[in-house]
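Summary of the model geometry
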Amino acid sequence: MSYKDISYSLKKSNRKTISIFIERDGSVSILAPAPYQLEKIEQVIEAKRSWIYRNLAEWEDLNRTQLQREFVNGEGFVYLGRSYRLSLEEKQNTDLLLKRGRFLLRRDKIHKGADIFKAFYKQKGLKKINERIALYAPKIGVKVNKVKVLELQNRWGSCSDNGNLNFHWKCLMAPVSVLDYIVVHELVHLLYRNHDNNFWNAVDKVMPDYAKHVKWLKHNGADMNL
Ligand SMILES: [Zn+2]
């Protein structure tokens, strides 16, 4: 059933009061006394609207961070913004391959699945990121020293004074356009250390639609996980 934009399931019983709660799967349940008419139930939903929204948002936050991918046939794994189904292989020389639109993982290695995927992102990712740097560094007018893809604390990228750039392996889950923004962001830091007007103007010059990518990262960043 639904009332305006809130869908819910309704159970009636011989209870005396109405109660609304969020189920473990994130759906809204309403328990109501048997004699309650739909109109009365909808009045209660209306009165509790902000409570429902708040609790749904809370549920989403909680479950977003708990999202865990499993190393089973058919599970989706993301590379450069596209989801590829996992296929467990009995015989394969390499631990992990991205081939024919699927991630092929050796079945006897699934206990190390997360490490194998991280290694894939780091290795493949380094090549990809170097490719994007080669495209943008000349436009920005900077020279890059060493590039690494690794696990960073709470950030997508970092840079050092001597022109070294680091990128989180999770960046490789983002679409190329967003990856490009992360690359441009770090490249521009080689010119301007802080996020001041000079910095954002320089980003804007090579990537006028960068705000879109900032927004994408804000909304999807938590999902970029194994
Ligand atoms: Zn920055």
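Sequence order as written defines residue numbering, which begins from 1 separately in each chain. Whole-chain, interface and lining totals are the exception, using all residues; otherwise, since this is a predicted model, local features are given only for residues with pLDDT of at least 70 and side-chain atom pairs are given and counted only at 80 or more. To obtain the side-chain values, all non-hydrogen atoms of the structure were used and water was disregarded.

For the protein, an unreviewed UniProt entry supplies the name M48 family metallopeptidase and the organism Thalassomonas viridans.

Observations concerning helix α5 (residues 197–206)
What counts, and what does not: Buried residues are those whose accessible area, probed at 1.4 Å on protein chains only, stays under 20% of the maximum for their type, while exposed residues exceed 50% and partly exposed ones sit between those limits. The helix count covers DSSP runs of H or I at least four residues long, the strand count covers runs of E at least two residues long, and both are numbered beginning at the N terminus. When we speak of the arc, we mean the arc of directions from the helix axis to the C-beta atoms. Only heavy atoms enter the contact rule, under which two residues are in contact if any of them lie within 4.5 Å.
Listed as buried for α5 are F199, A202 and V203. Within α5, the buried residues cover an arc of 100 degrees as seen down the axis, which keeps them to one side. Exposed side chains of α5 directed beyond 90 degrees from the buried face belong to N197 and K205. For α5, the secondary structure elements touched by its buried residues are α4 (176–189) and α6 (210–220).

As for the sheet that holds strand β3 (residues 19–22)
To be explicit about the condition: Strands were regarded as paired on the criterion that DSSP finds at least two bridges between them. Lines fitted to the C-alpha atoms define the axes, with helices restricted to the stretch that makes contact. Angles between their N-to-C directions range from 0 to 180 degrees.
Judged by pairing direction, the sheet is mixed, and its four strands sit side by side in the order β1-β2-β4-β3 without closing on themselves. Two strands bound the open sheet, and with one partner strand each, they are β1 (2–3) and β3. Sheet topology note: the strand β2 (residues 6–13)/strand β4 (residues 28–33) ladder contains six bridges and is parallel. The residue bridging L10 from the neighbouring strand is I30, located in β4. The strands touched by helix α1 (residues 38–47) are β1, β2, β3 and β4; relative to β2, the strand with the most contacts, the crossing angle is about 130 degrees.

Thoughts on the nonpolar core
Spelled out, the test is: Among the buried residues, those of types Ala, Val, Leu, Ile, Met, Phe, Trp, Tyr and Cys that are joined through side-chain atoms within 4.5 Å form a nonpolar core. Domain ranges listed in this record stem from an automatic or a database domain assignment.
Ranked by internal contacts, the top residues of the largest apolar core, which has 47 residues, are F103, F117, Y121, I129, I133, L172 and L187. Counting residues per element, this core draws most heavily on helix α3 (residues 113–140), which supplies nine residues. No fewer than three residues from each of domain 2 (76–115) and domain 3 (123–223) sit in this core. Counting residues in hydrophobic clusters, the runner-up holds 12 residues, among them Y3, A32, I45 and I52.

Digging into the domain arrangement of the protein
For clarity, the cut-off: Accessible area that two parts lose when put together, evaluated with a 1.4 Å probe and summed over both, is termed the buried area. The salt bridge criterion pairs a side-chain nitrogen of Lys or Arg with a carboxyl oxygen of Asp or Glu, the two atoms within 4 Å. Polar contacts, as used here, are pairs of N or O atoms within 3.5 Å; protein pairs need one atom able to donate a hydrogen and one able to accept it. Residues neighboring in sequence count only if both atoms are side-chain atoms.
Domains assigned within the protein are domain 1 (2–66), domain 2 (76–115) and domain 3 (123–223). A separation of 27 Å is found between the C-alpha centroids of domain 2 and domain 3. Across the domain 2 to domain 3 interface the summed buried area is about 520 Å²; carbon plus sulfur atoms make up 67%. A per-residue breakdown of the area domain 2 buries against domain 3 is headed by V78, Y79 and L80, which together make up 83% of the total. Counting every contact that joins domain 2 to domain 3 gives zero salt bridges. Connecting domain 2 to domain 3 are three residue pairs in polar contact (both at pLDDT 80 or more).

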